[in-house]
Amino acid sequence: MTAYLSLRNIVKSYDGRVNAVDNVSIDIAKGEFLTFLGPSGSGKTTTLMMIAGFEAPSAGAIELEGEDLTRRKPYERNIGVVFQNYALFPHMTVERNVAFPLRMRRFPRNREAARVREILDLVGLGPFAGKHPRELSGGQQQRVALARGLVFNPDVLLLDEPLGALDKSLREQMQVELKRIQREVGITTVYVTHDQTEAMTMSDRIAVFSHGKLEQVAPPLDVYHRPRTRFVGEFIGDSNIFAGTVDESQPGCVTLEALGPMRVDVEAWRRVGKGAVDVLVRPERVQLAAPGAEPALLNRLVMEIGVIVNYGDSVLLIGSARGQRLRMRIAGAQPDAIREGATVIVGWRPGDEHLIARS
Amino acid sequence: MGLSLACLVALFLLLPIVIVVPMSFSTAISFEFPPPGYSLGYYAKFFTSEEWLEPTLNSLVIALGATALTMLLVVPAAFGYVRYRFRGKALVNLLMMAPLIVPHVVSALAYYGFLGRARLTGTHLGVIVAHGVLAVPVAFLVISATLKGFDRNLERAAMSSGAGPLRTFFHVTLPVLRPGMLVGALFAFLSSFNEAVVVIFIGGRGAATLPKKMYESIRLESDPVIAVVSTLLVSAVVLGVLVSAFLRPRGANAA
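For the structure given in this document, a descriptive report is provided here. (Residues numbered from 1 in each chain as written. Chains lettered and ligands numbered in written order. Predicted model: local features only at pLDDT ≥ 70, side-chain atom pairs only at ≥ 80, totals over all residues. Heavy atoms only, no water.)

Counting from both sides, the interface comprises 24 residues of chain A and, opposite them, 20 residues of chain B. Across the interface of chain A and chain B, roughly 1800 Å² is buried in total on both sides, 65% from carbon and sulfur atoms. Viewed at the interface, chain B and chain A are joined by zero salt bridges. Seen at the junction of chain A and chain B, the total is six residue pairs in polar contact (both at pLDDT 80 or more). When residues of the side of chain A that touches chain B are traced back to their parent elements, those giving at least two are β6 (79-82) and α2 (94-104) of chain A. Counting residues per element, the side of chain A that touches chain B draws most heavily on α2 of chain A, which supplies four residues. Partitioned by chemical class, the residues of the side of chain A that touches chain B number 16 nonpolar, two polar and six charged. (Contact = heavy atoms within 4.5 Å. Buried area = accessible area lost by both parts, 1.4 Å probe. Salt bridge = Lys/Arg side-chain N within 4 Å of Asp/Glu carboxyl O. Polar contact = N/O pair within 3.5 Å; in protein donor to acceptor, adjacent residues only side chain to side chain. Helix = DSSP H or I, 4+ residues; strand = E, 2+ residues; numbered from the N terminus. Nonpolar A, V, L, I, M, F, W, Y, C, P; charged D, E, K, R; others polar.)

What follows covers the nonpolar core. Counting residues in each nonpolar core, the largest one holds 56 residues, and the members touching the most others are Phe36 and Leu158 of chain A. In terms of residues, this core owes the most to one element, helix α3 (residues 50-83) of chain B, which gives six residues. Counting 33 residues, the second largest nonpolar core, distinct from the first, contains Tyr86, Leu120, Leu150 and Met202 of chain A. (Core = buried A, V, L, I, M, F, W, Y, C linked by side-chain atoms within 4.5 Å. Buried < 20%, exposed > 50% of the residue type's maximum accessible area, 1.4 Å probe, protein only.)

It is worth spelling out helix α4 (residues 89-101) of chain B at this point. Residues and elements named next belong to chain B. The first and last C-alpha atoms of α4 sit 18 Å apart over 13 residues, in line with the 18 Å expected at 1.5 Å per residue. At Leu95, α4 shows its strongest bend, of approximately 30°, with the proline Pro99 following within four residues. Every buried residue of α4 is listed here: Met96, Met97 and Pro99. (Expected span 1.5 Å × (residues − 1). Bend = angle between axes of the 7 residues up to and from the residue.)

We now examine the packing of helix α8 (residues 153-160) of chain B against helix α9 (residues 165-193) of chain B. Residues and elements named next belong to chain B. Contact pair α8 / α9: the axes reach a minimum separation of 10 Å and the direction vectors enclose 155°. Classed by the angle they form, the pair α8 and α9 counts as roughly antiparallel. In the crossing of α8 with α9, the sense of the turn from one axis to the other is right-handed. Here Leu154, Glu155, Ala158 and Met159 of α8 come into contact with α9, specifically with Thr168, Val172, Thr173 and Val176. Tallied by class, residues from the contact of α8 with α9 come to five nonpolar, two polar and one charged. (Axes fitted to C-alpha atoms, helices over the stretch in contact; angles between N-to-C directions. Parallel < 35°, antiparallel > 145°, perpendicular 65-115°, else oblique. Left-handed = near helix turned anticlockwise from the far one by under 90°.)

Most of α2 of chain A is tucked away: eight of the eleven residues are buried. Inspection of α2 of chain A places Val94, Asn97, Val98, Ala99, Phe100, Pro101, Leu102 and Met104 of chain A among the buried residues, and these make up the whole buried set. The inward-facing, buried residues of α2 of chain A contact α3 (109-122) and α4 (138-150) of chain A together with α8 and α9 of chain B. Positive phi appears at Arg106 of chain A, one or two residues downstream of α2 of chain A, with a value of about 55°.

Another point: the sheet that holds strand β2 (residues 19-28) of chain A. Residue and element names in this part refer to chain A. Within the open sheet, the four strands sit side by side as β2-β1-β4-β5. Their pairing is antiparallel. Edge positions in the sheet fall to β2 and β5 (67-68), since each of these pairs with one other strand and no more. As paired strands, strand β1 (residues 5-13) and strand β4 (residues 59-64) are joined by five bridges and run antiparallel to one another. Looking at β4, one finds that Val11 is bridged to Ala59. Each of β1, β2 and β4 touches helix α1 (residues 44-52); the most contacted strand, β1, lies at about 120° to it. (Pairing = 2+ DSSP bridges.)

Within the element layout of this structure, Gln324 of chain A appears in strand β18 (residues 324-331). Not counting residues up to four positions away in its chain, the partners in contact with Gln324 of chain A are Ile241, Phe242, Ala258, Leu259 and Gly319 of chain A.

Moving on, we get to the pattern of salt bridges. All names here are of chain A. Following the criterion strictly, the structure yields 28 salt bridges over all chains and no others. With a closest N to O distance of 3.2 Å, Arg115 and Glu118 form a salt bridge. Taken as a pair, Arg115 and Glu118 lie in helix α3 at a separation of three residues, close to a single helical turn. Judged by its relative accessible area of 12%, Arg115 falls in the buried class. Exposure remark for Glu118: the relative accessible area of 48% places this residue in the partly exposed category. A salt bridge links Arg327 to Asp238, with the nearest nitrogen and oxygen atoms 2.7 Å apart.

Let's shift gears to the pairing of strand β7 (residues 156-160) of chain A. All names here are of chain A. With five of its five residues buried, β7 lies for the most part within the structure. Residue alternation in β7 divides its side chains into two sets, Val156, Leu158 and Asp160 and Leu157 and Leu159, and both sets are buried. For β7 and strand β8 (residues 188-193), the ladder comprises five bridges, and the chain directions are parallel. Directly across from Val156, in β8, lies its bridge partner Thr188. After leaving β7, the chain enters helix α5 (residues 168-185) and then returns to the sheet as β8, a path that is right-handed. (Right-handed = clockwise from strand over helix to strand, strands pointing away.)

A few words now on the packing of α3 of chain B against α9 of chain B. In a packed pair of helices, the relevant descriptors are the angle between the two axes and the axis-to-axis distance. Residue and element names in this part refer to chain B. Their axes nearest at 9 Å, the elements α3 and α9 cross at an angle of 130°. Classified by the interaxial angle, the pair formed by α3 and α9 is oblique. Where α3 crosses over α9, the two elements pack in a sense that is right-handed. Note on element contacts: α9 touches α3 through Phe169, Thr173, Leu177, Met181, Gly184, Ala185, Ala188, Phe189, Ser192 and Phe193, opposite Ser59, Leu60, Ile62, Ala63, Leu64, Ala66, Thr67, Thr70, Met71, Val75, Phe79 and Arg83. The class makeup of the residues in the contact of α3 with α9 is 15 nonpolar, six polar and one charged.

So this is what it looks like as structure tokens:
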């Protein structure tokens, strides 16, 4: 991958003691959709603000196509920004809002109207050109903000939790819409969110932040199936994480603290080598082990069901096995044998787990 | 029950003000209620006599000057106060409010001594300085509240659109804050236009304003022209409040 936008060892500290952003380095490819995902206060928005130029890094460099941007003012960069609260200029019509970057950047006046029209059509707001922001719905305002961020053909588009203020159904609709527009324009995009579903569905890659540090940068499915750290495994998706130790004497064997010996994928076992590991098993990989059936379910446990959560399309069972909390998800409707307080035999195959070496 | 009580209170507050309106159209040679007859005689007197028109003009000039001075002091102060953290911020706020807390007579006495030494008593400039400072608290309250409600992402959006600090201020910050600024300026104007105590001390002959002239007139001659002036002043204030009420919701929306 050739880097288009590069963050090199970015540090941001407000008080000189605690680092809000701690040594973050990422290379972003041209046209890529990269998402910064993390809980609030993890440094993702601060990092975005440094790319935009609203905050200056305490150390490190930001480069665009090999050119150093670090000391440039926001208005000397060619970067579009979309804010969570839209930040539309209330005293201007939709048309004037979108034309504003063109005016400021000395875009030829005779082509301005055509360009504004073109970008408003792209976001589906052509008929609203003459309205004021306060006359529009939240979703429409967000589209205006997107149009304003794209109209001047920026090198990079930054979005700071742009769908955070919208209700769920509108948010899903806007996710699809945003992704379509991003593909159509082909613009390099950095997207900040704390919503993992949003990150999973829209991104080419996800950068997971925690306490100012980068935990992992990888495609969505890699982040989900092969989290590099325990934090990533817990933060993204639902998870069972068991602490254990590699049993070096038996290939494919790990001894879990609470559950005892467990069979895992031999290749993965070999890669980890030795020492302490966290074993991640996604709840959808845990299955009901009917007596005699599925001999491949080598790891079997007796699970006491505590709570049953019905999602309609699936059922989540929350319970325990030998004092260890255990979650499993069954696709489809709730089977008859499953009741709160019942005991069932469950299991998973070697290879259904993911090993995270503990450092 | 509640409504009738409210009406009673409103009546109690408004009656003394409203009562001057019929008296301004009176034919009586002194204050008399109810008026024995109606005419526009005293209006004609007000609008033709130098004795009344000069203080009116003085009042306007001084109020405009004081408003300009107040805004010059308050706008940068409010930006500094709202947008930056610094030591002694609470103290600065207290100092800004001081003219509101100190009794006007005390301020008046202080200005009399201070402006006298600077040879500014009896001049427009002297009264402008005093009124400009006296209007600081009310203007500061209004403008800093407006500024607190201002979304700074608007400025960031402008900057990432390619606008430098100056263009950001004039294209975005100022237009969005304008309604709040106008309300602040209006309050400053009214505060100077209505001020009587300080101006009696320092206005002298040269910078007699309308309230000062009214005070002197009521003491010496009880001229019913005062009722005319009062009616005009009340109308102006009502108009001012209506204008600011019209500006405010737009300002709130903008923020």
